[in-house]
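# Coordinate analysis (summary)
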Amino acid sequence: MARHLKIAAAQLGPLHREDSRAVAVSRLTKLLRDAHAMGAKFVVFPELALTTFFPRWWIESQAEVDARYFEKSMPSKDTQPLFDEAKKLGIGFYIGYAELTPEGRRFNTAILVGPDGSIVGKYRKIHLPGHADHKPKAAFQHLEKNYFEVGDLGFRVWRYLNTITGMLICNDRRWPEAFRVLALQGAEIVALGFNTPSENLHYPEPPALRVHHHLIMAQSMAFQNAVWLVETAKAGFEDGFRMFGHSLIVAPTGEIAAKSQSEEDEVICANCDIDLAANLKKTMFNFAAHRRPEHYRLIVERVGAEVTPAN
Ligand code: CDV
């Protein structure tokens, strides 16, 4: 009998600089209840879902950054109500947050929480976009390389709600390697939260084109790796800076099963047939039969492109 799992993407509208953790947690808890009312058993929240997207600002005082934006424990007194509500409703969830470890290391992190409220898995973002240097003339910045270390936990999957589930965060969705490493471990679901500015920091680009790239990447990554892909945005004009919505649930066929309509708090849900990928995995994307890793060595040996013609 086919396995079905009702999965929700719980999109957040803007969270402003002045919004407290209590505001964020109460909105997340409301979204969780909405998802439960739709029958969801697994809810995917965005990247850095407890605060505004602070890497858009250069902030001199690390003490201020740590106090305002980083979590020293998870759950904490502030976030416990979300865990309690999820446990009460019997729902599992993915959520992203800025992690400050006891050793003083900082990561852009996501966790997978079981329906019993326990933390099942942790992922620390590996593809950190943007820059580390201060660009005071830019309209906004993207300082993830300043505020976070590259994740040290690798790309992993977990047994979760009778599926095999992996986690990624935002910019990871642009890198086929990340998905393939999850797929090679048997991933059936990939959960991912994102914050993507509607404007390009580096050069003028129509916002619609940025959404187009987001959609084609999601559809191709889901299909080529035969996984259900759930991508959840934090969206809207956050402290005046716009980020697009377009939260998605994509089937292993590459078809969009659900898509958000707004740039506000919004839940979308799909009844996902986890076994939908079985035929694809036995035929076109039967990795064991068709992959040729002996010809893929450059993928791990070379980081940047180098012009190396054969003639
Ligand atoms: N939070 C992100 O990782 N955002 C990047 C932007 C900077 C391009 C993204 O890939 O959406």
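Please refer to the structure placed before this passage.
In this report, the structure presented in the accompanying data block is examined. Everything quoted here is computed from the prediction, not taken from an experiment. (Residues numbered from 1 in each chain as written. Predicted model: local features only at pLDDT ≥ 70, side-chain atom pairs only at ≥ 80, totals over all residues. Heavy atoms only, no water.)

Tallying secondary structure elements over the protein chain gives nine helices and 15 strands in all. Relative to its length of 311 residues, the protein chain is compact, with a C-alpha radius of gyration of 19 Å against a globular reference of 19 Å. When the backbone C-alpha atoms are referred to their principal axes, the protein chain occupies close to 55 × 55 × 40 Å. Across the 311 residues in the protein chain, those meeting the buried criterion constitute 53%. Pairs at least 24 apart in sequence give 69% of the contacts found in the protein chain among residues at least 6 apart. A total accessible area of about 14,100 Å² is found for the protein chain, and carbon and sulfur atoms account for 56% of it. Averaged over its 37 positive side-chain charges, the protein chain has a centre that lies 3 Å from the centre of its 36 negative ones. (Helix = DSSP H or I, 4+ residues; strand = E, 2+ residues; numbered from the N terminus. Rg over C-alpha atoms; globule rule 2.2 N^0.38 Å. Buried < 20%, exposed > 50% of the residue type's maximum accessible area, 1.4 Å probe, protein only. Contact = heavy atoms within 4.5 Å. Areas by Shrake-Rupley, 256 points an atom, 1.4 Å probe, with all protein chains shown as cover. Lys, Arg positive; Asp, Glu negative; His and termini not counted. Charge placed at Lys NZ, Arg CZ, Asp CG, Glu CD.)

Let us look at the pairing of strand β14 (residues 256-259). Sheet topology places strand β13 (residues 248-250) next to β14; three bridges connect them, and they run antiparallel. Among the inter-strand pairings, V250 is bridged to a residue of β14, identified as I256. Taking the residues between adjacent antiparallel strands as the criterion, β13 and β14 are bridged by five residues, where G254 takes a positive phi near 90 degrees. (Pairing = 2+ DSSP bridges.)

A few words on the pairing of strand β10 (residues 228-233). Summarising burial for β10: six of the six residues are buried, a large majority. What you see with β10 is no split at all: W228, V230 and T232 on one side and L229, E231 and A233 on the other are buried throughout. As paired strands, strand β9 (residues 189-194) and β10 are joined by six bridges and run parallel to one another. Within the sheet, the bridge partner assigned to I189 lies in β10 and is W228. Crossover β9 to β10 through helix α6 (residues 207-224) is right-handed. Examined bridge by bridge, β10 and β13 share three bridges and lie antiparallel to one another. Across the sheet, L229 pairs through a bridge with V250, a residue of β13. (Right-handed = clockwise from strand over helix to strand, strands pointing away.)

So, about helix α2 (residues 62-69). Every buried residue belonging to α2 is among V65, D66 and Y69, and all of these are buried. Seen end-on, α2 carries its buried residues on one side only, within an arc spanning 105 degrees. Relative to its buried face, α2 has exposed residues pointing more than 90 degrees away, namely A63 and A67. Buried residues along α2 sit against α1 (21-37), β3 (70-71), β4 (92-100), β5 (106-113) and α4 (144-147). (Arc of directions from axis to C-beta.)

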